[in-house]
Amino acid sequence: MVEKVIEVKELTKKYGNLSAVDHISFDVYRGEIFSLVGPNGAGKTTTVEILECLRKPTSGVARVFGLDVVHDEEKIKKKIGVVPQEFNTFNRLTVKENVDLVAKIYGVKSGLKQNLKRLGLWEIKDKKFEALSGGTKRRVGIAMALAGKPELLFLDEPTTGLDPQARRELWETIRSLKKMGVTIFLTTHYMEEVEALSDRASIIVKGKLFTTGTVSELVSKYGGDIKIVVKGERRAETVIKRFTKNVFVGEQGNIIGTFPNRRDVAKALLSLYKLSGKCRINVVEPTMEDVFLRVVGGRIDESGELIS
Amino acid sequence: MKHSFCIFSALAKHWFRSKTGVFFSFMFPAMLLLIFGTVFGGAGAQTYTLHVQNLDLVDGEPTELSSALINILDSTGTFKIENLPADVDIADYVREHPSFTDYRILVIPENFQQKAMDKSIYVRAGVILDTLSFVVENYGYTMTENQVGSIENGMDVLKMWRENMGSENAEILLLTDEGDTAAPIVRGVISSVINAFNNEMIGVEAVVSVSENQLTQRSFKAVDYYLPGYIAAFIMTNGIIGVTSNISEFRRNGVIKRLAATPLQKSSWIIGNLAHQVLLAFMLMLAMIALGWLIFGVQAIPGPYALLLIFMGTVVFCSIGMVLGGIFKDVEAASAAGNAIAFPMMFLSGAFWPVEMMPDFMQGVARCMPLYYFHDGLRQIMIYQNPTQALVPFAILGVLAAVFVYLAIKITKWKEL
């Protein structure tokens, strides 16, 4: 049986009458990348900070490595690494000095060079933090979080504000950390990120947890139908109608058929390939974005705001 | 302790790499010391500019006596003599040469030498007549009638001759600006010179004289007073303004949250900050004293008591900064609060001028401020070499340090940031 690294039950955090986190429950297992996904103000950071022992819960249970976040703060902090949202550090210290500072706080004396090399920071170890680009700063944040050799790493919106190239590079770094056996708790509002990185994910909106599961479970459960889109072949409508009733003509005369199961998709594709080779066939799989739309009834824009 | 040292080391490196931080913590106080030390008599004795218009000329040249008077005034070292030409109209000159310093103009009139000589002879003759009259009245019985008659005849001749002599004073004129606070000093020095001049003219020998002896082994200058005040004031501003804005900035940009998520304890963070400020304070003290020694020859001697008092003062003001940084979440509000406390304290506590110069009420206000005890204690220890006089400052700063460190620990947030 896989070990539970994080256990959250009926966790609630209130500020006055406002519930930032409202009776949420989920588990995180050793070695996985778990994503808490939701728009701005959903309660992601509050949840993460409770687990990091930076906030006290109003009620409910939150355990990290079986330790209570309220009573075992010191023990938990020794086992976790944290990259806060909009990460920052002493900006006039160098990369090496910043990472070394955290290593000393954890009492770790070895592995600095290896840590910096793994994150591609060894060549710029003597550069001041303030002189680095946004993506490199986040990598320094991860290096600092890894300096204490943690078993669990919290990444709070690690790629927010980064350009696509830097974001993808950071994803690679996160994947490599998983391969090292580090359990990763990630918060994000990017659905693409959830799909690219997560083993499992929970959707949280306005403090309430809507659903939890593996990405494929969530997609197959809430993602909706698979679509076949055919361009430049009117006869495709007749072919597709043999396998599904849901066929319509979309923009620019595209023939679109929606399928509730994969078997019919495969049959339809075989038949469509027998048509003349002039048509273009696309299969559109449902995504986490469709899951979110279906579950929450809205979308999250690039800046993280919920659009109903 | 190990963690505190890590924070101390990080903060020190972070600070030393800030040009503005170094400037405001070291260069700014040094510049102020140089400026104030020079302006208020650190480098030499106070002098006053005295314009002199000599109208007592013969064939266009100053008379011997008027020149002698000017030379005596010059030799006092109190005045910087500026000669005004005899043909200049003083009112026009002052109008055409506006100045931010007050004008003090001494006018030596025409015939000054002649009048002074005539009056001195007149006075000397009077003294002779008074003396002869005293001798005849009190010692006439020791003389023959002929001797007494001869003296009285001579006195009659001298009286007649004296009545024909001029008895008008040789009056010099001192012109000063209204509201010139230094005018009494200038007037006093000139009067002393004139008295001595008068005595010399009539041949009076000194009856009463003043002898001088040094009261203490060391002599102090104005800059000796200012130096401990500056050191204390800038340690105070580094603590209250510097620490307040640093703490609120570190909190705003997430550095504190980053550290709070590690096993670092809140107390280690606070101790690290205090240690960093103590290092800065010691460095500031050494820099200021070195500057004072080199430029102004100050008497300040740093010793273990001074270091202990500086340690205590730094802990007080750094803790106040941490309390403010903990109370005000907004960086701008925290800086404004720091300024609102530090600047009035800097000017009202007597750090920059003696408290005795202030009205009674303000002296009471000054004595309510921790900075007063800090600079007063430093002055007693470093300048007067009298640590026993610093017991009250030690006691007060010790109590305040305990109170504000306690408050800093209570108010600094390590959760719910």
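So, how was this worked out
- Residues numbered from 1 in each chain as written.
- Chains lettered and ligands numbered in written order.
- Predicted model: local features only at pLDDT ≥ 70, side-chain atom pairs only at ≥ 80, totals over all residues.
- Heavy atoms only, no water.
- Contact = heavy atoms within 4.5 Å.
- Buried area = accessible area lost by both parts, 1.4 Å probe.
- Salt bridge = Lys/Arg side-chain N within 4 Å of Asp/Glu carboxyl O.
- Buried < 20%, exposed > 50% of the residue type's maximum accessible area, 1.4 Å probe, protein only.
- Helix = DSSP H or I, 4+ residues; strand = E, 2+ residues; numbered from the N terminus.
- Pairing = 2+ DSSP bridges.
- Axes fitted to C-alpha atoms, helices over the stretch in contact; angles between N-to-C directions.
- Parallel < 35°, antiparallel > 145°, perpendicular 65-115°, else oblique.
- Left-handed = near helix turned anticlockwise from the far one by under 90°.
- Core = buried A, V, L, I, M, F, W, Y, C linked by side-chain atoms within 4.5 Å.
- Phe/Tyr/Trp six-rings, centres within 6.5 Å; stacked < 30°, edge-to-face > 60°.
- Lys NZ or Arg CZ within 6 Å of the ring centre and 35° of its normal.

On to the interface of chain B and chain A, then. When the parts of a complex come together, some accessible area is lost, and that lost area is often used as the size of the interface. Of the residues lining the interface, 28 residues belong to chain B; the matching set on chain A comes to 32 residues. With both sides pooled, the region where chain B packs onto chain A buries about 2,700 Å², and carbon together with sulfur makes up 59% of that total. Taken as a group, Arg17(B), Arg258(B) and Lys415(B) account for 26% of the area that chain B buries against chain A, more than any other trio of residues on that side. Where chain B meets chain A, there are three salt bridges. Measuring nitrogen to oxygen at the nearest pair gives 2.5 Å for the salt bridge that ties Lys257(B) to Glu49(A).

Now for the pairing of strand 6 (residues 80–83) of chain A. Residues and elements named next belong to chain A. Of the two faces of strand 6, the one carrying Ile 80 and Val 82 and the one carrying Gly 81 and Val 83 are both buried. Here strand 6 runs beside strand 7 (residues 152–156); their pairing, made up of four bridges, is parallel. Note on strand 7: the bridge partner recorded for Gly 81 is Leu 153.

Residues and elements named next belong to chain B. The geometry of helix 3 (residues 64–75) relative to helix 7 (residues 183–202) is characterised by a closest axis approach of 10 Å and an angle of 135° between their N-to-C directions. Our classification of the angle between helix 3 and helix 7 gives oblique. In this structure, helix 3 crosses over helix 7, and the sense of that crossing is right-handed. Between helix 3 and helix 7, the contacting residues are Leu 65, Leu 69, Ile 72 and Leu 73 on the first element and Ile 190, Val 193, Ile 194, Phe 197 and Met 201 on the second.

Take the sheet that holds strand 13 (residues 255–259) of chain A next. Residue and element names in this part refer to chain A. In spatial order, the strands read 12-13-11-14; together these four strands make up an open sheet with antiparallel pairing. Both outer strands of the open sheet, strand 12 (247–249) and strand 14 (280–284), are each paired with one neighbouring strand and no more. Pairs of neighbouring strands in the sheet enclose a mean axial angle of 20°, with direction left out of account. Against the sheet, helix 10 (residues 262–273) contacts strand 11 (226–231), strand 13 and strand 14, and its axis sits at roughly 15° relative to strand 11.

What follows is about the side chain of Thr258(A). With respect to the secondary-structure elements, Thr258(A) resides in strand 13. If near-sequence neighbours (up to four positions away) are discounted, Thr258(A) is found in contact with Asp225(A), Ile226(A), Lys227(A), Thr244(A) and Asn246(A).

Here the focus is the nonpolar core. Side chains of nonpolar character tend, in soluble globular proteins, to be buried together. Core analysis: the biggest nonpolar cluster contains 53 residues, and Ile6(A), Phe90(A), Phe185(A), Leu259(B) and Trp269(B) have the highest contact counts within it. Not counting chain neighbours up to four residues away, the residues in contact with Phe185(A) comprise Ile6(A), Phe26(A), Val28(A), Phe34(A), Leu36(A), Val48(A), Leu51(A), Leu152(A), Leu153(A), Phe154(A) and Leu155(A). In this structure, Ala300(B), Val315(B), Ala342(B) and Ala401(B) belong to the second largest nonpolar core, which totals 52 residues.

In this section: the packing of aromatic side chains. Note on aromatic pairs: each is described by the distance of the centres and the angle between the planes. In total, this model carries 21 aromatic pairs over all chains according to the counting rule given. Ring geometry for Trp15(B) versus Phe16(B): centroids 4.9 Å apart, planes at 80°, classification edge-to-face. On the accessibility criterion, Trp15(B) (8% relative accessible area) is buried. Residue classification places Phe16(B) among the partly exposed residues on the basis of a relative accessible area of 40%. Between Tyr226(B) and Tyr230(B), the ring centres sit 6.0 Å apart and the planes meet at 15°, which makes this aromatic pair stacked. With a gap of four residues between them, Tyr226(B) and Tyr230(B) both fall in helix 8 (residues 222–252), about one helical turn apart. Residue classification places Tyr226(B) among the buried residues on the basis of a relative accessible area of 12%. Judged by relative accessible area, which is 0%, Tyr230(B) ranks as buried. Cluster of aromatic residues (ring-pair linked, three or more members): Tyr225(B), Tyr226(B), Tyr230(B), Phe347(B), Phe352(B) and Trp353(B). The ring centre of Tyr190(A) lies 3.7 Å from the NZ or CZ of Arg167(A), which sits over that ring.

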